[in-house]
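Descriptive structure summary
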Amino acid sequence: MLVRKIPLRRMPSLSNMVKMMDYNLVRSKRKTLALYVRQDGSLEVRAPLKTSKGYIEDFIKQKQDWITATRSKLSDRQETKKTVQISAADAARYKKQAKEYLQLKCRYYSELMGLRPSAVRINSAKTRWGSCNGKGEINFTFRLIFAPEELIDYVVVHELAHLKEMNHSSSFWAVVEQTMPDYRERRKRLREHQHQFEFIVT
Ligand SMILES: [Zn+2]
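Residues numbered from 1 in each chain as written. Predicted model: local features only at pLDDT ≥ 70, side-chain atom pairs only at ≥ 80, totals over all residues. Heavy atoms only, no water.

Let's talk about the coordination of the zinc ion
Note the following rule: The rule for donors is simple: N, O or S, within 2.8 Å of the metal, or within 3.2 Å if the metal is Na, K or Ca. Water isn't counted, so a site may look like it is missing partners. In this scheme, a residue with accessible area under 20% of its type's maximum is buried, one over 50% is exposed, and one in between is partly exposed, where area comes from a 1.4 Å probe on protein chains only.
Coordination of the zinc ion by the protein comes from His158 (NE2), His162 (NE2) and His168 (NE2), over a distance range of 2.0 Å. Donor residues for the zinc ion, ordered by position in the chain, follow H-x3-H-x5-H. Take histidine 158: its relative accessible area is 11%, and that puts it in the buried class. Classification of histidine 162 as buried rests on a relative accessible area of 8%.

Dropping the structure here:
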């Protein structure tokens with residue numbers, strides 16, 4: 001979860017005032033410092049190659065309140081998250097059902113949008129609801145069929161729109177909006193849904 005992105009500038013030193021918390025430092029050619037709180041609550045700092053440790057740690061100390069708030073939000077979420085355990089055989093069955101269902105959905109929206117995928121496939125992806133490649137093939141995760149129908153529809157329209165625009169530019173969103181004027185609301189709800197529901201294949 002990305003949260004703060006600020007340009008590099010001088011900050012007053014807070015060293016010695018607060019005890020340093022553990023963090024993971026990832027350096028790269030980037031130009032700004034960014035702080036991430038991972039799903040497990042751990043802290044990751046992404047920093048330019050030459051930013052000093054003192055500067056980075058001052059930055060973390062300045063963001064302490066935000067880090068604490070984000071961690072507590074995460075743990076609340078973890079507590080309300082529904083985890084469903086399914087067997088590999090069940091997963092295979094769900095994949096088959098998902099294929100039939102999502103192919104039907106694709107056919108319906110294909111007609112409406114005038115965009116036809118070359119294939120519709122089902123995978124078991126955990127973090128992506130769907131994807132579309134340069135060959136015009138669309139993939140959906142079987143997990144999608146457990147989402148409310150209006151959110152499934154949004155994912156289908158989103159992936160079909162990629163047949164026209166292989167990016168997330170404003171022209172891409174215009175294609176989505178044309179078919180689904182309330183897509184913003186659905187997209188927001190889909191993110192919430194992702195945090196509320198988890199499948200574990202055992
Ligand atoms: Zn997309």
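Quick word on the environment of serine 131
This is how the line gets drawn: Helix and strand definitions here come from DSSP, where helices need a minimum of 4 consecutive H or I residues and strands a minimum of 2 consecutive E residues; each element is numbered from the N-terminal end. Working rule for contacts: check all heavy atoms of both residues, and any pair within 4.5 Å makes them a contact.
Along the chain, serine 131 turns up in strand E7 (residues 130–132). By relative accessible area, serine 131 is classed as buried at 18%. Sequence spacing of serine 131 and arginine 121 is 10 residues, and the spatial spacing of their C-alpha atoms is 9.8 Å. Discounting residues that sit within four places of it in the chain, serine 131 has contacts with Glu137, Ile138, Asn139 and Glu159.

As for helix H3 (residues 88–113)
How we decide: Here the expected length of a helix is defined as 1.5 Å per residue gap, with one fewer gap than residues.
The end-to-end C-alpha separation of H3 is 35 Å, in line with the 38 Å expected for 26 residues at 1.5 Å each. Here H3 has its buried residues at Ala91, Ala98, Leu102, Lys105, Cys106, Tyr109, Ser110 and Met113. A positive backbone phi angle near 70 degrees is found at glycine 114, which sits one or two residues after H3.

Points about the environment of glycine 134
Assignment of secondary structure puts glycine 134 in the loop between E7 and strand E8 (137–141). Accessibility expressed as a relative area gives 77% for glycine 134, which makes it exposed. Once the C-alpha coordinates of glycine 134 and leucine 163 are considered, the two residues, 29 residues apart in sequence, prove to be 8.1 Å apart.

Thoughts on the side chain of glutamate 137
The test is simple: Definition of a polar contact: a pair of N or O atoms within 3.5 Å, with one able to donate and the other able to accept a hydrogen when the atoms are protein atoms, and with sequence-neighbouring residues admitted only if both atoms are side-chain atoms.
Residue position: glutamate 137 is located in strand E8. On the accessibility criterion, glutamate 137 (14% relative accessible area) is buried. Among the polar contacts listed, one links the side chain of glutamate 137 to the side chain of arginine 121, at a separation of 3.4 Å. A distance of 2.7 Å separates polar atoms of two side chains, one belonging to glutamate 137 and the other to asparagine 133.

Some details on the pairing of E8
To be explicit about the condition: A pair of strands is considered paired only if DSSP assigns at least 2 bridges between the two.
Taken across its 5 residues, E8 has 5 buried, putting it largely inside the fold. Side-chain alternation along E8 places Glu137, Asn139 and Thr141 on one buried face and Ile138 and Phe140 on a second face that is also buried. In this structure, strand E6 (residues 119–123) lies alongside E8, joined through 5 bridges in parallel fashion. By the bridge assignment for E8, arginine 121 is matched with asparagine 139. Both E7 and E8 contribute to a ladder of 3 bridges, which runs antiparallel. Across the sheet, residue serine 131 finds its bridge partner in E8, namely asparagine 139. Between E7 and E8, which pair antiparallel one after the other, the connecting turn spans 4 residues, and glycine 136 there sits at a positive phi close to 85 degrees.

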